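# A structural walkthrough
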Amino acid sequence: MNKYTEVADFIRKRVSKGDYSLRGVPAERSLAAEIGVSYMTVRRAIHALITDGTLIRQSNGRVAVGLLTQGNGSHLQLAFLAPTFNSPVIEQWRVALDAIVRKQGGVVRPILYMHWDDPIVQDALEAFDGVFLIPIPEALPSHVEARLRAAKRLVVLDQDYSHMGIPSVRLFPPVFVQRLLDHLAKLGHRRIDCLNLHPENPDADPVLLQRVEQWMVWKAAHGAEGQLIGAPQSLHCDPFKTAYEAMTKRLDAGAFSASAIMCVTAPGAIGAMRALHDHGMTPGREVSVCTINSESMGETLIPSLTALEPPSPAPYLAVCVEWIVKGGQTWSGPLLLQPAEIPLVIRESTGKTLPRHGSAKRAKPHA
């Protein structure tokens with residue numbers, strides 16, 4: 001094999017991984033120094049890659065990746081633009097998208113951003129065939145909203161941006177929260193608290209806010225009682241610890257009297273269950289606990305966690321990928337893609353109301 005062919009294969013492999021979509025292809029002399037070959041060898045390799053459409057020569061003379069939606073190249077390059085904080089939900093979206101794009105011979109490049117004005121957001125919108133964006137739970141500035149509205153081939157995941165003309169995929173329509181509450185009511189619960197972990201600005205995350213609103217609507221419609229247990233957290237704090245401390249504080253003060261808790265997130269439910277356990281109460285017996293999306297942990301917890309579980313996102317993501325492959329032309333059908341049904345998986349953490357055997361004092365400290 002000729003040396004320039006080896007270099008071309010090396011560069012092609014990087015392109016296939018999305019390495020040059022955002023940062024751009026280095027100058028030929030820089031590549032030669034990095035790889036340890038002559039400038040002319042790299043130049044021949046670049047020429048071969050331009051010939052087969054992997055790379056293109058721009059009007060300014062610089063070399064760039066040939067994007068599928070520009071009519072150049074044949075390799076679909078998508079960005080998965082997500083907040084920096086760790087989340088099993090974000091990883092579920094990425095894995096599902098990656099599986100679909102791989103079947104098309106494309107690549108999904110994960111890109112993390114810190115805040116809405118992070119320059120990498122705009123760079124990603126301009127550099128890839130398409131972008132799948134998970135919004136950060138912070139208020140969207142008007143100038144960033146204008147950028148997103150103007151972006152081509154952008155899809156929003158986990159939130160509804162359809163009012164901005166942006167295709168959106170949402171697996172948990174808020175109204176299904178009432179199904180979870182109906183389950184608790186059938187078990188005899190009439191006092192159901194809501195534990196909400198949210199950023200410091202409670203209006204910043206519409207997903208959590210909508211879940212709390214559905215709890216309030218259901219309570220009013222059914223004449224039920226219950227208090228909102230707020231546990232404000234910053235984006236990068238430990239949600240399990242925050243929930244645990246919020247519940248512990250309430251239990252220590254003797255201010256908890258509900259027979260069930262609906263937690264808007266799985267970390268909130270896990271923290272609450274541990275606090276109940278440390279106060280001599282068994283989740284699912286003295287107090288029922290449930291959540292929206294157990295984040296693939298529900299079955300493995302002790303007790304296992306009752307939850308509304310997400311359907312597969314694959315059919316909805318496939319529609320969006322196909323739209324991008326076709327160039328992101330006029331969208332057909334509703335901009336908001338969401339399931340008509342969400343399964344309620346009943347596990348050990350919910351049961352009929354029973355007399356409490358625990359006390360308001362902590363049974364043992366949590367390590």
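For the structure itself, look to the data block above.
Residues numbered from 1 in each chain as written. Predicted model: local features only at pLDDT ≥ 70, side-chain atom pairs only at ≥ 80, totals over all residues. Heavy atoms only, no water.

Attention shifts here to the overall build of the protein chain. Looking only at helices and strands, the protein chain features twelve helices and 14 strands. When the backbone C-alpha atoms are referred to their principal axes, the protein chain occupies close to 80 × 45 × 35 Å. The contacts of the protein chain with a sequence gap of at least 6 include a subset with a gap of at least 24, amounting to 71%. Side-chain charges in the protein chain split into 38 positive and 35 negative, and the spacing between the mean points of these groups amounts to 3 Å. (Helix = DSSP H or I, 4+ residues; strand = E, 2+ residues; numbered from the N terminus. Contact = heavy atoms within 4.5 Å. Lys, Arg positive; Asp, Glu negative; His and termini not counted. Charge placed at Lys NZ, Arg CZ, Asp CG, Glu CD.)

Further remarks concern the nonpolar core. Counting residues in hydrophobic clusters, the biggest one holds 47 residues, and the most contacted among them are Phe80, Trp93, Phe132, Leu157, Val169 and Met262. When residues of this core are assigned to their parent elements, the largest contribution, seven residues, is made by helix α5 (residues 88–103). (Core = buried A, V, L, I, M, F, W, Y, C linked by side-chain atoms within 4.5 Å. Buried < 20%, exposed > 50% of the residue type's maximum accessible area, 1.4 Å probe, protein only.)

Right, let's get into the pairing of strand β4 (residues 107–113). In this sheet, β4 lies alongside strand β3 (residues 77–83) in parallel orientation, the contact comprising seven bridges. Along β4, the bridge assignment pairs alanine 82 with leucine 112. Taken together, β3, α5 and β4 form a β-α-β motif whose crossover is right-handed. (Pairing = 2+ DSSP bridges. Right-handed = clockwise from strand over helix to strand, strands pointing away.)

This part takes up empty space enclosed by the protein. In the structure shown here, the tally under the stated rule is one cavity of 30 Å³ or more. In this model, the largest cavity occupies a volume close to 30 Å³. Lining the largest cavity are Phe172, Pro173, Pro174, Phe176, Val177, Arg211, Ile292 and Leu308. Residues that form the lining of the largest cavity fall into these classes: seven nonpolar, no polar and one charged. (1 Å grid on protein atoms, 1.4 Å probe; cavity = no way out; pocket = protein on both sides within 12 Å on 5 of 7 lines; lining within 4 Å. Points joined across faces, edges and corners; volume = space filled by probe spheres on them. Nonpolar A, V, L, I, M, F, W, Y, C, P; charged D, E, K, R; others polar.)

Taken in spatial order, the six strands of this open sheet run β9-β8-β10-β11-β12-β14, and their pairing is mixed. Strands at the two margins of the open sheet, each flanked by one partner only, are β9 (228–230) and β14 (344–345). Pairing geometry for strand β10 (residues 260–263) and strand β11 (residues 288–292), over four bridges, is parallel. Paired with cysteine 263 across the strands is threonine 291, a residue of β11. With respect to the sheet, helix α10 (residues 239–252) is in contact with β8 (192–196), β9 and β10, its orientation differing from that of β9 by roughly 125°. (Axes fitted to C-alpha atoms, helices over the stretch in contact; angles between N-to-C directions.)

The volume enclosed by the second largest pocket comes to roughly 270 Å³. Sorting the residues of the lining of the second largest pocket by element identifies α10 and α11 (266–278) as the ones contributing at least two each. By residue number, the principal contributor to the lining of the second largest pocket is α11, which donates five residues. For the lining of the second largest pocket, the per-class residue count stands at eight nonpolar, four polar and two charged.

With that settled, the discussion passes to the side chain of arginine 250. Relative to the elements of secondary structure, arginine 250 occurs in helix α10. The side chain of arginine 250 is buried and forms no salt bridge, while aspartate 193, the nearest opposite charge, is found at 4.6 Å. A polar side-chain atom of arginine 250 sits 2.6 Å from a polar atom in the side chain of glutamine 227. Not counting residues up to four positions away in its chain, the partners in contact with arginine 250 are Gln227, Leu228, Ile229, Ala255 and Phe256. (Salt bridge = Lys/Arg side-chain N within 4 Å of Asp/Glu carboxyl O. Polar contact = N/O pair within 3.5 Å; in protein donor to acceptor, adjacent residues only side chain to side chain.)

A word on the environment of proline 334. Tracing the chain through its elements places proline 334 in the loop between α12 (314–325) and β13 (336–337). Accessibility expressed as a relative area gives 57% for proline 334, which makes it exposed. In this structure the C-alpha to C-alpha distance between proline 334 and methionine 164, which are 170 residues apart in sequence, comes to 13 Å.

All right, on to helix α4 (residues 39–51) then. Over its 13 residues, α4 runs 18 Å from end to end, which matches the ideal 18 Å to within 8%, given 1.5 Å per residue. Of all the residues in α4, the buried ones are Thr41, Val42, Ala45, Ile46 and Leu49. All buried residues of α4 fall inside an arc of 135° around its axis, so they share one side. Of the exposed residues in α4, those oriented more than 90 degrees away from the buried face are His47 and Thr51. The inward-facing, buried residues of α4 abut α1 (3–16), α3 (28–35), β1 (55–57) and β2 (63–65). (Expected span 1.5 Å × (residues − 1). Arc of directions from axis to C-beta.)

To continue, consider the packing of α3 against α4. Put simply, α3 and α4 touch, their axes get as near as 8 Å, and they point 115° apart. As summarised for this structure, α3 and α4 are arranged roughly perpendicular, according to the angle between their axes. Taken as a pair, α3 and α4 cross one another with a handedness that is right-handed. Judged by residue contacts, Glu28, Arg29, Leu31 and Ala32 of α3 engage Tyr39, Val42, Arg43 and Ile46 from α4. By residue class, the composition of the contact of α3 with α4 is five nonpolar, no polar and three charged. (Parallel < 35°, antiparallel > 145°, perpendicular 65-115°, else oblique. Left-handed = near helix turned anticlockwise from the far one by under 90°.)

Turning to the packing of aromatic side chains, a few remarks are in order. Under the counting rule described, the total for this entry stands at two aromatic pairs. When the centroid spacing of 5.7 Å and the interplanar angle of 40° are considered together, the rings of tyrosine 113 and tryptophan 116 count as tilted. Pair check on accessibility: tyrosine 113 and tryptophan 116 agree, each one buried. Ring geometry for tryptophan 323 versus tryptophan 331: centroids 5.2 Å apart, planes at 75°, classification edge-to-face. Owing to a relative accessible area of 13%, tryptophan 323 belongs among the buried residues under this scheme. A relative accessible area of 15% means that tryptophan 331 is categorised as buried. Positioned above the aromatic ring of phenylalanine 172 is the side chain of arginine 211, whose terminal nitrogen or guanidinium carbon lies 5.6 Å from the ring centre. (Phe/Tyr/Trp six-rings, centres within 6.5 Å; stacked < 30°, edge-to-face > 60°. Lys NZ or Arg CZ within 6 Å of the ring centre and 35° of its normal.)

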